[in-house]
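Fold and geometry: a report
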Amino acid sequence: MNAVYVTAASAADIPAVQNEIAAALPGATITDQDDLAHEVTGSLTSTANLANDLGTWLSVVVLIAAFTVASLLTMAAVARRVREFGTLKALGWRSSRIVGQVMGESITIGIFGGAAGIGLGYAGAALIDHLAPKLSATIGPASAATAGGGALGGKASGGLKSLGNTPHTVSVSLTAPVTVSVILLAVGLAVAGGLVAGSFGGWRAARLRPAAALARVE
Amino acid sequence: MYVLTNVVKNYSRGRQAVAALRGVDLVVRDSEWLAIQGPTGHGKSTLLQIMGALDRPTSGSVELGGIDLSALREAALTRIRARSIGFVFQTFNLIPTLNAADNVAMALVPPHIAAAERQSRAEEALTAVGLAGRLRHLPSELSGGEQQRVAIARALVKKPQVLLADEPTGNLDEGTRDEIIGLLENLWREHGLTMVTVTHDSSVAARAQRIGQLKHGRLAIPPSAPRSPDQGPATGPAEHRRVR
């Protein structure tokens, strides 16, 4: 025998019952409903924190990858247009104007990409809201708890403090909230991505010697 | 007037130095049409790029209208290219995403001409080269001859003092070649241009007032005053004299 379940006549008697058991069985571990509730809540919080941290770092990695890919693509595009820039230099275009042209194109692409990303984000969030499975945590006298955390954010409800002796189910719903701040951040990052990519591309275009650019075989 | 004095251009290819021009002396008078012939890789395009302020000589001087281009900073050279020098390339070098009028208008961006005037002048220039009906066509929708006409319009729309043409008929068939060279000749007469044409084609070179031969980076050219446009075509190498 390794567990004994004890029922108190009322919630107010629980501390007294605990003290009596402790006195009768000094080596025993005594767990009450508050401890159980705290344990489950802690698990849910840890899961949510882990999911948030993972999400944040994944976002950073994806952002760096996106900036890098955008910069490389812009530089590749500049490399393909070397003769065009050489021709513009032959026509008397200043390097700064050519850099501005490349950056302008890059930022414009960033803005369009950001707008497309917002649309896709809305669609993705709606899809998650529609398709996400309902997760739940059940807490009862047998301390049988199943818990789940949302990868995108979770909300728990159920009133753990009022568990009593009957099993209670805590529902956890996965949501992908789309807020104004998230949209502004997305547009800002898209434009910043365009700026970074355009800077690299423009820098490369500015370094071209006109004669060398015109001599480039496509 | 161009005055080139002992122009040397060396390139480094890996650890090896390549002499593209080996002391070129040349005088091109205002409104003169000079053709430069020579084998591929003997320095013709390099000479044209140095005359067009697209490249600098390793040593020597290049004067255009009394200004030594080799002593100028890049910004000043860019201004000279924007105002005084028009280029025509063998491969036309049109921007594929812009229509004919917009391609021509690109040459009027550096002089800070307003967009509406850029468009009207571009349309005039295209009309002058016989492309009034092709203003909104993309380069891919034009024949080779038409693309070269667009390039000529782009070179001349800013009314430069000099036109430099690098194998302007090199990518064209014979019939189109004759049309283009005839067009260049008419524009040269009409605008009083100083024109330097690099070409492989003796029949094209023969239309010029003087013909120079560039071989192994050395230019052989008759020093005499050029014939007037009405004196007929140059006769070719027989009248050449090696200068250096």
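Residues numbered from 1 in each chain as written. Chains lettered and ligands numbered in written order. Predicted model: local features only at pLDDT ≥ 70, side-chain atom pairs only at ≥ 80, totals over all residues. Heavy atoms only, no water.

1. Some points on the overall build of chain B
Across its full length, chain B carries seven helices and 10 strands. A compact globule built from 244 residues would reach a C-alpha radius of gyration of about 18 Å, and chain B, at 18 Å, matches this within 12%. The principal-axis extent of the C-alpha atoms belonging to chain B is close to 50 × 40 × 35 Å. Within chain B, the fraction of its 244 residues that count as buried is 55%. In chain B, the proportion of contacts linking residues at least 24 apart, taken out of those at least 6 apart, comes to 69%. When the accessible surface of chain B is totalled, it reaches about 10,400 Å², and 49% of it is carbon and sulfur. Separation of charge centres in chain B, based on 29 positive and 24 negative side chains, amounts to 9 Å. (Helix = DSSP H or I, 4+ residues; strand = E, 2+ residues; numbered from the N terminus. Rg over C-alpha atoms; globule rule 2.2 N^0.38 Å. Buried < 20%, exposed > 50% of the residue type's maximum accessible area, 1.4 Å probe, protein only. Contact = heavy atoms within 4.5 Å. Areas by Shrake-Rupley, 256 points an atom, 1.4 Å probe, with all protein chains shown as cover. Lys, Arg positive; Asp, Glu negative; His and termini not counted. Charge placed at Lys NZ, Arg CZ, Asp CG, Glu CD.)

2. Examining the side chain of Q148(B)
Mapped onto the elements, Q148(B) comes out in helix 5 (residues 144–156). Contacts of Q148(B), omitting those with residues within four sequence positions, involve V88(B), F89(B), Q90(B), F92(B), P168(B), L172(B) and I180(B).

3. Focus on the sheet that holds strand 6 (residues 85–88) of chain B
Residues and elements named next belong to chain B. The strand order across the open sheet built from six strands is 6-7-8-3-9-10, with neighbouring strands paired in mixed fashion. The two strands at the open ends of the sheet, each matched to only one other strand, are strand 6 and strand 10 (218–220). Strand-to-strand twist in this sheet, taken as the mean axis angle between neighbours without regard to direction, amounts to 20 degrees. Where strand 6 and strand 7 (residues 162–166) come together, four bridges link them in parallel fashion. Paired with I85 across the bridge in strand 7 is V162. On the sheet, helix 1 (residues 44–51) packs against strand 3 (33–37), strand 6, strand 7, strand 8 (194–198) and strand 9 (210–215) and is oriented at approximately 155 degrees with respect to strand 7. (Pairing = 2+ DSSP bridges. Axes fitted to C-alpha atoms, helices over the stretch in contact; angles between N-to-C directions.)

4. Details of the packing of aromatic side chains
Summed over the entire model, instances satisfying the criterion amount to two aromatic pairs over all chains. Geometrically, the ring pair formed by F87(B) and F89(B) is stacked, given 5.9 Å between the ring centres and 5 degrees between the ring planes. The class of F89(B) is buried, set by a relative accessible area of 10%. One residue, R97(A), lies across the ring of W93(A), its end atom 5.9 Å from the ring centre. Here R207(A) stacks its cationic end above the ring of W203(A), 4.8 Å away from the centre of that ring. (Phe/Tyr/Trp six-rings, centres within 6.5 Å; stacked < 30°, edge-to-face > 60°. Lys NZ or Arg CZ within 6 Å of the ring centre and 35° of its normal.)

5. As for the confidence of the model for chain A
Residue and element names in this part refer to chain A. Mean pLDDT over chain A works out to 77, with 85% of the residues at or above the 70 mark. Mean pLDDT values for the elements of chain A range from 44 in strand 2 (residues 154–157) up to 90 in helix 3 (residues 82–90). Across residues 142–163, confidence stays below pLDDT 50; counting only partners more than four residues off in sequence or on other chains, it has 54 contacts. (pLDDT = per-residue confidence, 0-100.)

6. Regarding the interface of chain A and chain B
With 15 residues of chain A at the interface, the matching set in chain B holds 19 residues. Of the roughly 1,600 Å² buried between chain A and chain B on both sides combined, carbon and sulfur atoms contribute 60%. The largest share of the area that chain A buries against chain B comes from A90(A), L91(A) and W93(A), three residues that together contribute 32% of it. One can count one salt bridge joining chain A with chain B. In this structure, D55(B) and R209(A) form a salt bridge, with 3.2 Å as the shortest nitrogen-oxygen distance. Listed by contribution, the elements that provide at least two residues to the side of chain A that touches chain B are helix 3 and helix 6 (210–215) of chain A. Among the residues making up the side of chain A that touches chain B, the classes are represented as seven nonpolar, two polar and six charged. (Buried area = accessible area lost by both parts, 1.4 Å probe. Salt bridge = Lys/Arg side-chain N within 4 Å of Asp/Glu carboxyl O. Nonpolar A, V, L, I, M, F, W, Y, C, P; charged D, E, K, R; others polar.)

7. Section: the sheet that holds strand 5 (residues 67–68) of chain B
All names here are of chain B. Within the open sheet, the four strands sit side by side as 2-1-4-5. Their pairing is antiparallel. This sheet does not close on itself; its edge strands, each paired only once, are strand 2 (16–28) and strand 5. Taken together, the two bridges between strand 4 (residues 59–64) and strand 5 define a ladder with antiparallel strand orientation. Counterpart to E63 in the pairing with strand 5 is D68.

8. Some thoughts on a nonpolar patch on the surface
Residue and element names in this part refer to chain A. Taken together, the side chains of M1, V4 and V6 make up a nonpolar region of the molecular surface, amounting to roughly 400 Å² of accessible area. Residue position: V6 is located in the segment before helix 1 (14–24). Using a relative accessible area of 51% as the deciding quantity, one classes V6 as exposed. (Patch = residues over 30% accessible without salt bridge, like charges linked within 9 Å, V, L, I, M, F, W, Y side chains within 5 Å.)

9. Side note on the nonpolar core
Residues and elements named next belong to chain B. Of all hydrophobic cores here, the largest spans 56 residues; its most connected members are L126 and I152. Discounting chain neighbours no more than four positions away, the residues touching L126 are A100, A101, V104, L131, A132, L135, V150 and A153. Listed in part, the 32 residues of the second largest apolar core include Y2, V62, L77 and V196. (Core = buried A, V, L, I, M, F, W, Y, C linked by side-chain atoms within 4.5 Å.)

10. Comments concerning the pattern of salt bridges
A side chain with one charge can pair with a side chain of the opposite charge if their charged atoms come near. All names here are of chain B. Within this structure, the stated rule accounts for 14 salt bridges over all chains. In this structure, E74 engages R81 in a salt bridge whose closest nitrogen and oxygen atoms are separated by 3.4 Å. Measuring nitrogen to oxygen at the nearest pair gives 3.0 Å for the salt bridge that ties E185 to R189. Separated by four residues within a single helix, E185 and R189 lie in helix 6 (residues 174–191), roughly one turn from each other.

11. Description of the packing of helix 2 (residues 33–80) of chain A against helix 5 (residues 180–206) of chain A
Residues and elements named next belong to chain A. Packing of helix 2 against helix 5 leaves a shortest axis separation of 8 Å and a crossing angle of 35 degrees. Crossing of helix 2 over helix 5 shows right-handed handedness. In this structure, helix 2 contributes L63, F67, A70, S71, T74, M75, V78 and A79 to the contact, and helix 5 contributes L189, A192, G193, V196, A197, G198, F200, G201, R204 and A205. Here the contact of helix 2 with helix 5 is built from residues that sort into 12 nonpolar, five polar and one charged. (Left-handed = near helix turned anticlockwise from the far one by under 90°.)

12. Side note on unusual backbone geometry
All names here are of chain B. In this structure, N6 takes a positive phi of about 50 degrees despite not being glycine. Structurally, N6 can be placed in strand 1 (residues 2–13). The class for N6 is partly exposed, based on a relative accessible area of 33%. Despite not being glycine, F92 has its phi angle at roughly 70 degrees, a positive value. Structurally, F92 can be placed in the loop between strand 6 and helix 3 (100–105). Given a relative accessible area of 8%, F92 falls into the buried group.

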